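# Descriptive analysis of the structure
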Amino acid sequence: MTTVAIIYHSGYGHTAVLADKVAEGVRDAGQTPVLLKIESAAQDFGPLIEEATKADAIVFGAPTYMGDVSGVFKVFADATAGVFFTGAWKDKLAAGFTNSHSFAGDKGHALESLTILAAQHGMNWVNLGLAPPGVTAAERGPDTLNRVGSFLGVAGQSDNVSPELSPPAGDRETARLLGERVAKAAVRWTVGAHAAAELGKAA
Ligand SMILES: Cc1cc2nc3c(=O)[nH]c(=O)nc-3n(C[C@H](O)[C@H](O)[C@H](O)COP(=O)(O)O)c2cc1C
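Since this is a predicted model, take the numbers as computed values, not measurements.

### So, the site of the ligand
Taken together, the neighbourhood of the ligand is formed by 18 residues, with Ser10, His14, Thr15, Tyr65 and Ser100 sitting nearest. Here an oxygen atom of the ligand sits 3.2 Å away from a polar atom, N or O, in the main chain of glycine 13. One of the side-chain nitrogen or oxygen atoms of serine 100 is found 2.8 Å away from an oxygen atom of the ligand. About the coverage of the ligand: the protein hides 78% of its 640 Å² of free accessible area. When contributions to the shell around the ligand are tallied by element, the ones reaching two or more residues are helix H1 (14-28), strand S3 (57-65) and strand S5 (93-100). Examining the composition of the shell around the ligand, we find that three residues originate from one element, S3, more than from any other.

The following block contains the structure:
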């Protein structure tokens with residue numbers, strides 16, 4: 001069974017909604033999600049990093065705070081420096097999602113931070129793979145997939161209401177589709193590596 005770890009922070013619950021949908025997408029692809037929530041900057045990240053290291057792919061998620069990943073997520077990212085030195089995440093697949101209040105809100109910068117984190121670990125980034133909405137801006141609504149038009153990963157938009165109400169259905173489905181995409185890519189990646197080993201080829 002292929003496993004996909006989803007490591008995320010969510011201060012107020014909106015990004016957590018997207019994390020759950022990524023996990024749902026992984027399950028829909030017939031694979032196993034491992035949801036790992038970062039609770040605080042002061043926690044021991046060891047167990048979380050250990051779980052992620054066992055996974056075939058890691059999806060990173062953080063709300064956009066002040067134009068970048070949340071400070072709590074950044075503390076976690078810094079704590080992965082030990083993994084950097086062992087190379088334990090090298091060649092795993094990676095992907096990411098963020099969420100913020102504004103339609104732009106500098107979410108792109110937060111997604112870039114996630115891609116750089118993955119690149120520093122030598123991971124291979126799986127992008128969103130969804131075209132921007134093929135409708136006019138006026139026609140975009142809560143059910144529109146990839147509503148704000150992101151390529152690197154999921155860029156959710158949440159109003160300042162309960163996470164039960166926002167992010168909207170389109171953003172949730174976009175996150176589910178990312179989970180499915182990463183899980184399918186991870187299956188190809190792991191099965192391909194086994195097949196290559198059997199053929200005596202370097203993988
Ligand atoms: C400290 C802080 C900084 C924020 N900075 C931004 C920002 O740069 N851009 C934006 O669009 N929203 C910003 N927001 C709004 C959050 O991104 C938004 O409320 C989001 O839904 C929170 O996600 P969470 O519930 O998972 O914590 C900020 C919120 C906080 C608390």
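### Considering the pairing of S3
Of all nine residues making up S3, eight are buried, and the element is well covered by its neighbours. Direction of pairing for strand S1 (residues 3-9) relative to S3: parallel, over a ladder of five bridges. Paired with tyrosine 8 across the two strands is glycine 61, which belongs to S3. Of the pairings in the sheet, the one linking S3 to S5 comprises seven bridges and is parallel in character. By the bridge assignment for S5, isoleucine 58 is matched with alanine 94. In terms of strand pairing, S3 meets strand S4 (residues 68-69) through two bridges, oriented antiparallel. The residue of S4 that forms the bridge with threonine 64 is valine 69. The antiparallel hairpin formed by S3 and S4 contains two residues in its connecting segment, where methionine 66 sits at a positive phi of about 50°.

### Describing empty space enclosed by the protein
Across all of its chains, the model carries one cavity of 30 Å³ or more by this definition. Roughly 30 Å³ of volume is contained in the largest cavity. Contributions of two or more residues to the lining of the largest cavity are made by strand S7 (154-157) and helix H6 (169-198). Tallying contributions element by element places S7 first for the lining of the largest cavity, with three residues. Split into classes, the residues belonging to the lining of the largest cavity amount to two nonpolar, three polar and two charged.

Criteria and thresholds
Each chain carries its own residue numbering, running from 1 in the direction its sequence is written. With the structure being a predicted model, the display of local features is reserved for residues of pLDDT at least 70 and the display and counting of side-chain atom pairs for 80 or more, all residues being used for whole-chain, interface and lining totals. Heavy atoms from the whole structure form the basis of all side-chain values; hydrogens and water molecules are not counted. A cutoff of 4 Å decides nearness: a residue is near a molecule or strand if any of its heavy atoms lies inside that distance of it. Polar contacts, as counted here, are pairs of nitrogen or oxygen atoms within 3.5 Å of one another; within protein the pair requires one atom able to donate a hydrogen and one able to accept it, and residues that are adjacent in sequence qualify only if both atoms are side-chain atoms. All accessibility values rest on the Shrake-Rupley procedure with a 1.4 Å probe; residue burial counts only the protein chains present in the view. The way it works is that DSSP assigns letters per residue, a run of H or I at least four long becomes a helix, a run of E at least two long becomes a strand, and they are numbered from the N terminus. Remark: exposure states derive from per-residue accessible area (1.4 Å probe, protein chains only) relative to the maximum for the residue type, with buried under 20%, exposed over 50%, and partly exposed in between. The criterion for strand pairing is that DSSP finds at least two bridges linking the strands in question. Any residue with an atom within 4 Å of a point lines the site, the site being either a cavity, points on a 1 Å grid over the protein atoms alone where a 1.4 Å probe fits but cannot get out, or a pocket, an open set with protein on both sides within 12 Å along at least 5 of 7 lines. Grid points are joined across faces, edges and corners, and a volume is the space filled by probe spheres set on the points. Any residue that is not Ala, Val, Leu, Ile, Met, Phe, Trp, Tyr, Cys, Pro, Asp, Glu, Lys or Arg is counted as polar, Gly included; the first ten are nonpolar and the last four charged.

Structural measurements only, silent on function.
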